[in-house]
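# Per-entry structural report
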Amino acid sequence: MKRPRRVASLVKGGRGVSCQKTIVVNRPVQEVFSFWRHLENLPKFMKNVQSVSSNGGNITHWIVKIDSTTVEWDAETIEARANEVLSWQSLPAAEVDSAGSIWFRPAPGNRGTVVKVALKYAPVGGKATVKIAKLFGKDANAIMEDDLLRFKSLIETGEIPTTEGQPHGKR
Amino acid sequence: MKALCWYGKHDVRVEKVPDPKILNPHDAIVKITTSAICGSDLHLYDGLIPRLEKGDILGHEFMGEVVETGPEVKNLKAGDRVVVPFTISCGQCFFCQRGMWSLCDNTNPSARESEMVTGYVCSGLYGYSHVYGGYAGGQAQYARVPFANVGPIKIPDGIPDEKAIFLSDIFPTGYMAAENCDIKPGDTIAVWGCGPVGQFAIRSAFLLGAERVIAIDDVPERLEMAKEGGADAVAADGDEVFETLKEMTGGMGPDGCIDAVGMEAHGFTLDARLDRFKQAMKLSMDRPTVLRQALRSCRKGGTVSVPGVYAGFLDKIPFGLVVAKALTIRTGQTHVQRYLKPLLQKIQNNEIDPSFVITHRLTLENAPLGYKAFLKKADKCVKVVLKPHALQQSE
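Residues numbered from 1 in each chain as written. Chains lettered and ligands numbered in written order. Predicted model: local features only at pLDDT ≥ 70, side-chain atom pairs only at ≥ 80, totals over all residues.

### Topic: the overall build of chain A
Definition in use: Working definition: helices are DSSP H or I runs of at least four residues, strands are E runs of at least two. Numbering for both runs from the N terminus. Exposure classification rests on a simple neighbour count of other C-beta atoms within 10 Å of a residue's own: a residue reaching 20 or more is buried, one at 12 or fewer is exposed, and one in between is partly exposed. C-beta atoms are placed from the backbone. It is the C-beta atoms, placed from the backbone, that decide contacts: two residues are in contact if theirs lie within 7 Å.
Of regular secondary structure, chain A possesses three helices and seven strands. Secondary structure elements of chain A occur, N-terminal to C-terminal, as β-α-β-β-β-β-β-β-α-α. Within chain A, the fraction of its 171 residues that count as buried is 33%. Put simply, 53% of the contacts in chain A that link residues at least 6 apart link residues at least 24 apart.

Here it is, written out as structure tokens:
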């Protein structure tokens, strides 16, 4: 595995928030890579990402909902080495300057795949700034951890555990 | 439907709540025919387990009839009679695939909260703290069973509910506690606590080949039940337990010691009184009197097995003894799925009839009375089973 490229360098200047986490999932590296290769899959486990749609090429359109505010931007997949690494970066005109990289490698002893994720967001200005700062500020790591745990459950079992909608007595 | 809900310390009520629904593709809905109150429910009842919410439906020992299945459940169909393990497991993760079902990575919706408390995610449990996911429990008329393709075991028609229900928890829990002692021919096993788990630990130790089992408790009828299971009884009366065990084993000490009491040990020694004060003042969550005694009593190189529930940081554990005597400590929530088939087989072979432990049978409406009796050990209560669909008798 090559030395991970520093994701911070993908976002201009030192602004914004970056977070990074590694998780092992008990599925083969090919399957895990191909799941992430289709960024359209991300809303299945990323709570704030409403949709990611692809133009069929390298450009994806992201819609992220924070409380009641929706922020949209276009991103370009800038690196996709099968079963190794995937990187994307928002296009220059985007309301949110964002970038992400995912590295994949087989875990030793047939234990699945080690997935390392690094994300960076920096609001450029306008209405999104405050919301983005709030969402991707102090909560950024927590949100990413939750999202990755949901990703693990989804790819290992086909579903994300939930109790939303179960009965209870009056609270 | 009707369900028993938690509202606070010594406050549980039977409420009318919505029926459970299928929420995920691997879910099933079970109509509960028999449910039970577990000793670990008493820790909730006593308000000692953090992160319960008012209105939570309790209960993690239940069985019944499948009434509905999600699209991905292929092994069960409506009408099947099943026992549901209290640990919810996915069957697909590193831990499930190695038989460590209660350590499942994927069934706890409060995964990050669990990770913050224990460092790593532990499996979801029914009717327990929200650290374990806060799944609605089975002291109710119906329950949603997630990952139903992995957990529930089908029960043949010839086996009545009362023989099968305890496969959900206390029989496997007692069995794993005994198995963890790695019993060899000639071994003596000491069991602290003759509540339901202790009773099953005693009988399981014999099933696994123990020569002798010594049961320790302070409740006469529970010791009586232990004796019926073949154990020698020792009345728990403070520091003398160690001397008694040493004498009974010719100075050697028991080969395996099982703490089937956990965080709410009564205890009569000075350290026990101090623990009680600390717990009452919320300075400590646990009263590890029994654990200390087990560590002291166990023979050199022996095993201390802990099925009893502890929740937090234990005070004044003589860890020096563990090192000096080269003790092995084994514990954990029960990997229930590992034991379902072999223990059902033992029931079918008449090697054991788990219904021996039942002392009280109640309707769901009377479950709050069951909690009270179980807590106070009133009316010689050892184990309460509930019949959620039985008609309430007019008083």
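### Observations concerning the overall build of chain B
In plain terms, the rule: As a reference, a globule follows 2.2 Å times the number of residues to the power 0.38, and the radius of gyration itself is taken over C-alpha atoms.
The helix and strand inventory of chain B stands at 13 helices and 18 strands. Here the C-alpha atoms of chain B give a radius of gyration of 20 Å, agreeing with the 21 Å that 2.2 N^0.38 yields for 395 residues. Taking the principal axes of the C-alpha coordinates as reference, chain B spans close to 60 × 50 × 45 Å. Of all 395 residues assigned to chain B, the portion counted as buried reaches 54%. Of the contacts made within chain B by residues no fewer than 6 positions apart, 72% connect residues no fewer than 24 positions apart.

### Focus: the packing of helix H8 (residues 240-248) of chain B against helix H10 (residues 289-297) of chain B
When two helices pack together, their arrangement is given by the angle between their axes and by how far apart the axes lie. All names here are of chain B. Formally: Fitted lines through C-alpha atoms serve as axes, helices being fitted only where they are in contact, and the angles separating the N-to-C directions of these axes extend from 0 to 180 degrees. For classification purposes, an angle smaller than 35 degrees is called roughly parallel, one larger than 145 roughly antiparallel, one from 65 to 115 roughly perpendicular, and anything else oblique. For a crossing to be left-handed, the near helix must be turned anticlockwise from the far one by less than a right angle; the clockwise case is right-handed.
Here H8 crosses H10 at 30 degrees, and the two axes come no closer than 10 Å. Here H8 lies roughly parallel to H10, going by the angle between them. The element H8 and its partner H10 pack so that their crossing is right-handed. Of the residues in H10, those in contact with Val241, Phe242 and Leu245 of H8 are Gln293, Arg296 and Ser297.

### Details of the interface of chain B and chain A
Heads up, the condition is: Under the scheme applied here, ten amino acids are nonpolar (Ala, Val, Leu, Ile, Met, Phe, Trp, Tyr, Cys and Pro), four are charged (Asp, Glu, Lys and Arg), and all others, including Gly, are polar.
If you look at the interface, chain B gives 37 residues, while chain A gives 22 residues. Broken down by secondary-structure element, the contributors of at least two residues to the side of chain B that touches chain A are strand S1 (2-8), strand S4 (56-57) and helix H3 (111-118) of chain B. Of the residues in the side of chain B that touches chain A, the class split is 17 nonpolar, 10 polar and 10 charged.

### A short note on helix H5 (residues 170-179) of chain B
Residues and elements named next belong to chain B. A large share of H5 lies buried, amounting to nine of its 10 residues. Within the sequence span of H5, burial applies to Ile170, Phe171, Pro172, Thr173, Gly174, Tyr175, Met176, Ala177 and Ala178. On its buried face, H5 is in contact with strand S5 (61-69), strand S11 (188-192), helix H6 (196-207), strand S14 (256-259), strand S15 (303-306) and helix H12 (336-348).

### Re the environment of B:Asp169
Residues and elements named next belong to chain B. Inspection of the secondary structure puts aspartate 169 in the loop between helix H4 (161-164) and H5. Its 29 C-beta neighbours within 10 Å are what place aspartate 169 among the buried residues. As a C-alpha pair, aspartate 169 and arginine 13 span 156 residues in sequence and 23 Å in three-dimensional space. For aspartate 169, the residues in contact, after removing those within four places along its chain, are Cys38, His60, Glu61, Phe86, Thr334 and Val336.

### Quick notes on the domain arrangement of chain B
Residues and elements named next belong to chain B. To keep it simple, the criterion reads: In this document the domain limits rely on a domain assignment from an automatic tool or a database.
Splitting chain B by domain gives domain 1 (2-169 + 334-387) and domain 2 (173-331). For domain 1 and domain 2, the distance between their C-alpha centroids amounts to 25 Å. On the domain 2 side, the residues contacting the 19 residues of domain 1 number 18 residues. At the level of elements, helix H1 (39-45) and H12 are the ones that each hand at least two residues to the side of domain 1 that touches domain 2. Per-class residue counts for the side of domain 1 that touches domain 2 are seven nonpolar, five polar and seven charged.

### A few points about the sheet that holds strand S2 (residues 11-16) of chain B
Residue and element names in this part refer to chain B. Counted only if it meets this: Strands qualify as paired when DSSP identifies two bridges or more between them.
Sheet architecture is open: three strands sit in the order S2-S1-S4, paired in antiparallel fashion. Sheet topology places S2 and S4 at the edges, where each strand pairs with a single neighbour. Sheet topology note: the S1/S2 ladder contains six bridges and is antiparallel. Paired with tryptophan 6 across the two strands is valine 12, which belongs to S2. Taken strand by strand, helix H13 (residues 367-376) contacts S1 and S2, and its axis lies near 160 degrees from that of S2.

### A word on the sheet that holds strand S13 (residues 232-235) of chain B
Residues and elements named next belong to chain B. If you walk across this open sheet you meet the six strands as S13-S12-S11-S14-S15-S16, and the pairing is parallel. Among the strands making up the open sheet, the edge pair consists of S13 and strand S16 (328-331). Adjacent strand axes in the sheet meet at a mean angle of 20 degrees, parallel and antiparallel pairs treated alike. The pairing of S14 with S15 spans three bridges and is parallel. From the neighbouring strand, glycine 256 faces S15, where its bridge partner is threonine 303.

### So, the pairing of S14(B)
A regular strand carries its side chains on alternate faces of the sheet. Residue and element names in this part refer to chain B. The two faces of S14 match: Gly256 and Ile258 on one face and Cys257 and Asp259 on the other face are all buried. As defined by bridge partners, S11 adjoins S14 across four bridges and the pair is classed as parallel. When the sheet's bridge partners are listed, tryptophan 192 is paired in S14 with aspartate 259.

### Concerning the confidence of the model for chain A
Keep this limit in mind: One number per residue, pLDDT, summarises how confident the predictor is, and it ranges from 0 to 100.
Chain-level pLDDT for chain A is 86 on average; 82% of the residues reach the 70-or-more range. Confidence, read as mean pLDDT per element, is least for helix H2 (residues 128-135) of chain A in chain A (63) and greatest for helix H1 (residues 29-37) of chain A (97).

### So, helix H3 (residues 140-157) of chain A
All names here are of chain A. Note the threshold: By this rule, a helix spans an expected 1.5 Å times one less than how many residues it contains.
The end-to-end C-alpha distance of H3, which contains 18 residues, comes to 26 Å, matching closely the 26 Å that a straight helix rising 1.5 Å per residue would cover. Buried within H3 we find Leu148, Leu149, Arg150, Phe151, Lys152, Ser153, Ile155, Glu156 and Thr157. At the exit of H3 stands glycine 158, carrying a positive phi of roughly 90 degrees.

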